[in-house]
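Each chain, written out:
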Amino acid sequence: MCSISFVNLISMSLSCFLLSLYFLLNDMIYFIEWELVSLNSMSIVMTFLFDWMSLLFMSFVLMISSLVIFYSKEYMMNDNHINRFIMLVLMFVLSMMLLIISPNLISILLGWDGLGLVSYCLVIYFQNIKSYNAGMLTALSNRIGDVALLLSIAWMLNYGSWNYIFYLEIMQNEFEMLMIGSLVMLAAMTKSAQIPFSSWLPAAMAAPTPVSALVHSSTLVTAGVYLLIRFNIILSTSWLGQLMLLLSGLTMFMAGLGANFEFDLKKIIALSTLSQLGLMMSILSMGFLKLAMFHLLTHALFKALLFMCAGAIIHNMNNSQDIRLMGGLSIHMPLTSACFNVSNLALCGMPFLAGFYSKDMILEIVSISNVNMFSFFLYYFSTGLTVSYSFRLVYYSMTGDLNCGSLNMLNDESWIMLRGMMGLLIMSIIGGSMLNWLIFPFPYMICLPIYMKLLTLFVCIVGGLFGYLISLSNLFFLNKSLFMYNLSTFLGSMWFMPYMSTYGMIFYPLNYGQLVVKSFDQGWSEYFGGQHLYQKLSMYSKTLFLMHNNSLKIYLLLFVFWILILLILLFL
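A quick note: this is a predicted structure, and the numbers were derived from the prediction, not measured. (Residues numbered from 1 in each chain as written. Predicted model: local features only at pLDDT ≥ 70, side-chain atom pairs only at ≥ 80, totals over all residues. Heavy atoms only, no water.)

**Student:** Quick rundown of the pattern of salt bridges? Include the residues and the values.
**Tutor:** Per the counting criterion, the structure on display carries 5 salt bridges. Residues Arg324 and Asp322 are paired through a salt bridge, measuring 3.0 Å at the closest nitrogen-oxygen approach. The partner of Glu364 in a salt bridge is Lys453, and the shortest N-O contact between them spans 3.1 Å. Here Lys453 lies in helix α19 (residues 450–453) and Glu364 lies in helix α16 (residues 354–368), a separation of 89 residues in the sequence. The buried category is assigned to Glu364, whose relative accessible area is 8%. If you follow the salt bridges from partner to partner, you end up with Asp113, Arg143 and Asp146 in one network. (Salt bridge = Lys/Arg side-chain N within 4 Å of Asp/Glu carboxyl O. Helix = DSSP H or I, 4+ residues; strand = E, 2+ residues; numbered from the N terminus. Buried < 20%, exposed > 50% of the residue type's maximum accessible area, 1.4 Å probe, protein only.)

In structure tokens:
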């Protein structure tokens, strides 16, 4: 099953890539209409949109999913139901394809809901209480976005069809279109885990690592960004873009801070994904959709590789994810460590790796754009934090001594997993420059003073030094103030967002419900109502029963009384 899926997906990926090149060179867009039902004058038509953007994104999704399925062959080897797992992944890929090539809100909803449902099934794949909680949080957070999409479909009834692409340009200043845009933005924020819906992404790390590599790095979470790329006209011409810029900038900042205080390997990478999603969303809200698309594609490559390396490490560490127990992995697992370091450097924006081309261009475009000081600070400080947590992760896991048990089976001989990682390693090295030549037909001439040009490099170096400092454990023992402890708790738990979106949402309704039950159902109203009536009636009937049983005279006297009353009533 794995091999067949791998071959099919990789061949589809290649064909989509070649097609996207053809479309890109000839500047072509194809609309394909497939008539499902034709009844008298009514016809139900399914529309597909093929342009360079959708084809390129599809080829990347298919390539990553093929390598992830190949990787799963060994990672999920001990699972008795591996075919079920592969089927779920393929259903996920199919939903993603439907989402990418739809210019129609109805068919987008089909793909969107498919993604939500399958991701829920994948998150709860390892069945335990933590997975169930994470799955419910994921599913319910994404339901908000699904409802927003349904409402936008209802608003689209004001126009002639649900093919939003035809109306965006003409109707961009109308109230209806603004309403649809804000609802679509809400849907994209839930799917791409922006503030205040951020807490589900780290929780979804309960899924198997191949799922994290495919779903929570390159595909599911970027669906929101992709949808907003299609709706970008509304963002750039209204106040929605400014709101989006603020929220995504804060998400980027919050995730970067949180990752520096986290000790779970997969959660660090999940928070790093959140930070990069904030970067994509913020540059998109400024109106640079090609840059957002460029970073989306390069990020998908190195983040999937980073998750795969994390999976290989977790496998060897006997399913332990705590980075404090790791150390010296570069000696025991050289090839995996090489892939891990390449993907980490690509994430930091190391020159000439995949992440450098997109991140550097985004930051330089921000420098020449008309943004305020706060947004500028968020962009650059978050970039520094990215380098900081990446270096901290490397210092904790790759250097020093191994901190887990003395009996370990660390080896680097999981060849199937390594082959899957090698494919993405090559793409993480050459992907950035390749996409840079493809997407931008002429090079951007960004003219900045030397100190602005070097600011990115300076921020990265300072971030790396900071990462080294916070990886030194003995610094933590010097500081015993309660304030620092509270601050690190606050920053490490994503500004208390997981608590706010779970206990915060459910505490007051449940509390109120308990009060209602206590005072109504099990309280005075019940005592004076149904229960009281029942008790009194049963008491009276018991008294009468007692009298009838124990005193024949009273019984007969009552009988006489009844007869007398009946006679009086009859003669009256």
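Don't stop here, the text continues.
**Student:** A description of the packing of aromatic side chains should follow, citing residues and the corresponding values.
**Tutor:** By convention here, two paired aromatic rings are described through the distance between centres and the angle between planes. A complete count under the given rule lists 27 aromatic pairs for this structure. The interplanar angle of 70° and the centroid separation of 6.4 Å between the aromatic rings of Tyr22 and Phe23 together place this pair among those described as edge-to-face. Ring geometry for Phe85 and Tyr125: centres 5.3 Å apart, planes at 65°, overall edge-to-face. Taken together, the residues Phe85 in helix α3 (residues 82–100) and Tyr125 in the loop between α4 (105–123) and α5 (129–155) connect sequence positions 40 residues apart. Through a chain of ring-to-ring contacts, the aromatic side chains of Phe253, Phe377, Phe381, Phe490, Trp495, Phe496, Tyr499 and Tyr503 assemble into a single cluster. The ring of Trp112 carries the charged tip of Lys191 above its face, separated from the ring centre by 5.0 Å. Above the plane of the ring of Phe263 lies Arg324, whose end atom (NZ or CZ) is 4.0 Å from the centre. (Phe/Tyr/Trp six-rings, centres within 6.5 Å; stacked < 30°, edge-to-face > 60°. Lys NZ or Arg CZ within 6 Å of the ring centre and 35° of its normal.)

**Student:** Lay out helix α8 (residues 209–219) with the relevant residues and their values.
**Tutor:** The buried fraction of α8 amounts to 11 of the 11 residues, a majority that puts the element mostly inside the structure. Thr209, Pro210, Val211, Ser212, Ala213, Leu214, Val215, His216, Ser217, Ser218 and Thr219 are the residues of α8 that are buried.

**Student:** An account of the state of the cysteines is requested, with residue identities and associated values reported.
**Tutor:** Per the stated rule, a full pass over the model turns up 0 disulfides. The cysteine Cys339 is free of any disulfide, with Cys309 supplying the nearest cysteine sulfur at 4.8 Å. Classification of Cys339 by relative accessible area gives buried; the value is 1%. (Disulfide = S-S within 2.5 Å.)

**Student:** Quick rundown of the nonpolar core? Include the residues and the values.
**Tutor:** Ranked by size, the top nonpolar core spans 179 residues in total, and within it Leu265 and Tyr379 carry the most contacts. For this core, the element with the most residues is helix α13 (residues 289–316), which contributes 19 residues. Tyr379 has contacts with Leu245, Met252, Leu279, Ser282, Ile283, Met286, Ile362, Leu363 and Val366, leaving out every residue within four places of it along the chain. (Core = buried A, V, L, I, M, F, W, Y, C linked by side-chain atoms within 4.5 Å. Contact = heavy atoms within 4.5 Å.)

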